[in-house]
Amino acid sequence: MVRGFDMNYAWELHHLMNRVAQGKDSASAIAKYFKRESAVYPQNVYRLMFLTNHDENSWAGTIDSLMGPAQKVFATLIFTAHGVPLIYSGQEACLGKKLKFFERDPIKWDTCNLTGFYKDLIRLKKENIALWNGEFGGPMVKIKTNRDRKILHFPGRKMKTGLLYF
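Note that the structure is predicted; figures quoted are calculated from it, not measured. (Residues numbered from 1 in each chain as written. Predicted model: local features only at pLDDT ≥ 70, side-chain atom pairs only at ≥ 80, totals over all residues. Heavy atoms only, no water.)

A. A look at the pairing of strand 2 (residues 46-50). Buried residues dominate strand 2, accounting for five of its five residues. Pairing geometry for strand 1 (residues 7-9) and strand 2, over three bridges, is parallel. Pairing of Asn-8 across the sheet is with Arg-47, part of strand 2. With three bridges joining them, strand 2 and strand 3 (residues 84-86) adopt parallel strand pairing. (Buried < 20%, exposed > 50% of the residue type's maximum accessible area, 1.4 Å probe, protein only. Helix = DSSP H or I, 4+ residues; strand = E, 2+ residues; numbered from the N terminus. Pairing = 2+ DSSP bridges.)

So, in C-alpha cells, the structure goes:
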C-alpha cells in the first residue's frame, strides 16, 4: 500500500458480513473489524468494500443465497463506512443467478426493487461530506449500546449518527 496502491479489497469484511448474515457471527465482530482496520490502515488508504464480485458470484453463490434479506443492511454499511463501495455487475438489477466464469453470460438489465435503493445509496455517499473517504470525511467511532451483538452504531465527525441493526 505504501508504494503502489491507494486501495485494496476488504476480503475479511466480505467474509465477516456473510458470517453475520448467516447467523454465524455478530455485529460486535464488525465493530472489532473496523477498530483493527483503523489501527492498520492510515486515513489515506481506501478499502474496496463489496457484497459480491465476479469470483464470489461464480464460485460461492449469489448475494441472495449468501446474505438473504441482510443484503440491504450490508449494502448500507459499505456505503456509510470508511471505504469505497463496489457494486458488482447485476447487483443493482437483482441478478439472481451465478454467472458463468469464463463464458459470455449476459445480464438482463431491468430495474427491480434494488435499483432505486442503490441509486439512493450512491447519492447518499456522494452528497454527505461525512461519508466521503479518507481525511475528507468523518471517522467511524463506535458507540456502545446494550445490544452490541445486534447493533452497530457509529457517529461521523460531520453527521449525527449511523445505526445498523442485524
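That covers the picture; the talk isn't over yet.
B. Region of interest: the side chain of His-82. With respect to the secondary-structure elements, His-82 resides in the loop between helix 5 (71-80) and strand 3. The class for His-82 is buried, based on a relative accessible area of 19%. The contact partners of His-82, leaving out residues within four places of it in the chain, are Gln-43, Val-45, Met-49, Asn-133, Gly-134 and Met-140. (Contact = heavy atoms within 4.5 Å.)

C. Looking closely at helix 1 (residues 11-21). When helix 1 is considered as a whole, its buried residues turn out to be Leu-13, His-14, Leu-16, Met-17, Asn-18 and Val-20. Lining the buried residues of helix 1 we find helix 2 (27-40), strand 2, helix 3 (54-60), helix 4 (63-67) and helix 5.

D. Fine view of the packing of helix 5 against helix 6 (residues 115-127). Remark: helix 5 packs on helix 6, axes separated minimally by 9 Å, with the N-to-C direction vectors making an angle of 20°. Relative to helix 6, helix 5 is oriented roughly parallel. The two elements helix 5 and helix 6 cross, and the hand of that crossing is right-handed. Where helix 5 approaches helix 6, its residues Gln-71, Lys-72, Ala-75, Thr-76, Phe-79 and Thr-80 are matched on the opposing element by Phe-117, Tyr-118, Leu-121, Ile-122, Leu-124 and Lys-125. Of the residues assigned to the contact of helix 5 with helix 6, the class counts are seven nonpolar, three polar and two charged. (Axes fitted to C-alpha atoms, helices over the stretch in contact; angles between N-to-C directions. Parallel < 35°, antiparallel > 145°, perpendicular 65-115°, else oblique. Left-handed = near helix turned anticlockwise from the far one by under 90°. Nonpolar A, V, L, I, M, F, W, Y, C, P; charged D, E, K, R; others polar.)

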